[in-house]
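Chain by chain, the residues:
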Amino acid sequence: MSETLITDVTCPVCACLCDDLTIRTENGRIVEARRACSMAEPWFLEQNSRHPPVAEINGQPVSVEATV
């Protein structure tokens with residue numbers, strides 16, 4: 001398991017721009033946002049949690065070739 005701590009992170013969620021957050025990642029995914037407020041924490045934890053399809057037609061995933 002690859003874990004990383006990133007310190008002095010600036011939060012982009014609201015106009016306050018808090019810059020004292022510490023972000024902990026495991027295997028390239030944010031798993032903890034220390035000192036993040038109740039608006040920022042879910043935003044950070046949501047990053048890289050979704051993997052939408054490359055393309056969709058009528059809401060259904062399709063290949064790139066199908067879209068062309």
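Relevant structure appears above.
Note that the structure is a prediction, hence the values are computed from the model and not measured.

*Asks:* Residues and numbers for the pattern of salt bridges, please.
*Replies:* Enumeration over the complete set of coordinates arrives at five salt bridges. Close ionic contact of E3 with R24 constitutes a salt bridge, the shortest N to O distance being 3.4 Å. Here E3, found in strand β1 (residues 3–9), pairs with R24, found in strand β2 (residues 21–26); they are 21 residues apart in sequence, far enough to count as distant. According to the relative accessible area criterion, E3 is partly exposed, its value standing at 46%. The partner of D20 in a salt bridge is R35, and the shortest N-O contact between them spans 3.9 Å. Here R35 lies in the loop between β3 (29–34) and α1 (40–46) and D20 lies in the loop between β1 and β2, a separation of 15 residues in the sequence. Given a relative accessible area of 54%, R35 falls into the exposed group.

*Asks:* An account of the environment of E46 is requested, with residue identities and associated values reported.
*Replies:* Relative to the assigned elements, E46 resides in helix α1. With 28 residues separating them along the chain, E46 and C18 place their C-alpha atoms 19 Å apart.

*Asks:* Give a detailed account of the packing of aromatic side chains, specifying residues and quantitative values.
*Replies:* One pass over the full model with this rule turns up one aromatic pair. With a centroid separation of 5.1 Å and an interplanar angle of 85 degrees, the aromatic rings of W43 and F44 are classed as edge-to-face. What makes W43 partly exposed here is its relative accessible area of 34%.

*Asks:* Report on the environment of N58, specifying residues and quantitative values.
*Replies:* Looking at the element boundaries, N58 is found in the loop between β4 (55–57) and β5 (60–62). The sequence separation of N58 and L5 amounts to 53 residues, and the corresponding C-alpha distance is 41 Å.

*Asks:* I'd love a proper account of the sheet that holds β1, names of residues and values included.
*Replies:* If you walk across this open sheet you meet the three strands as β1-β2-β3, and the pairing is antiparallel. Either end of the sheet is taken by a strand with one partner, and the two such strands are β1 and β3. Shown here is a sheet whose adjacent strand axes are inclined to one another by a mean of 25 degrees, direction ignored. As judged from the five bridges shared by β1 and β2, these two strands associate in the antiparallel manner. Within β2, the residue paired with L5 across the bridge is R24.

Scoring rules and cut-offs
- For every chain, the first residue of the written sequence is number 1, and numbering continues from 1 along that sequence.
- Reporting of local features is limited, given that this is a predicted model, to residues whose pLDDT is at least 70; pairs of side-chain atoms are given and counted only at 80 or more, and all residues count toward the totals for whole chains, interfaces and linings.
- As a rule here, side-chain values cover all heavy atoms of the structure and leave hydrogens and water aside.
- Whenever Lys or Arg places a side-chain nitrogen within 4 Å of a carboxyl oxygen from Asp or Glu, that contact is recorded as a salt bridge.
- The helix count covers DSSP runs of H or I at least four residues long, the strand count covers runs of E at least two residues long, and both are numbered beginning at the N terminus.
- The rule is simple: take the accessible area with a 1.4 Å probe, protein chains only, and divide by the maximum for that residue type; under 20% is buried, over 50% is exposed, in between is partly exposed.
- In this scheme Phe, Tyr and Trp rings, the latter by its six-membered ring, pair at centre separations within 6.5 Å, and the angle between planes marks the pair as stacked below 30 degrees, edge-to-face above 60, and tilted otherwise.
- The pairing criterion for strands is at least two bridges between them, as found by DSSP.
- Axes here refer to lines fitted to C-alpha atoms; in helices the fit is confined to the stretch in contact. Angles between the N-to-C directions go from 0 to 180 degrees.

The quantities given are spatial measurements derived from coordinates; they are silent on function.
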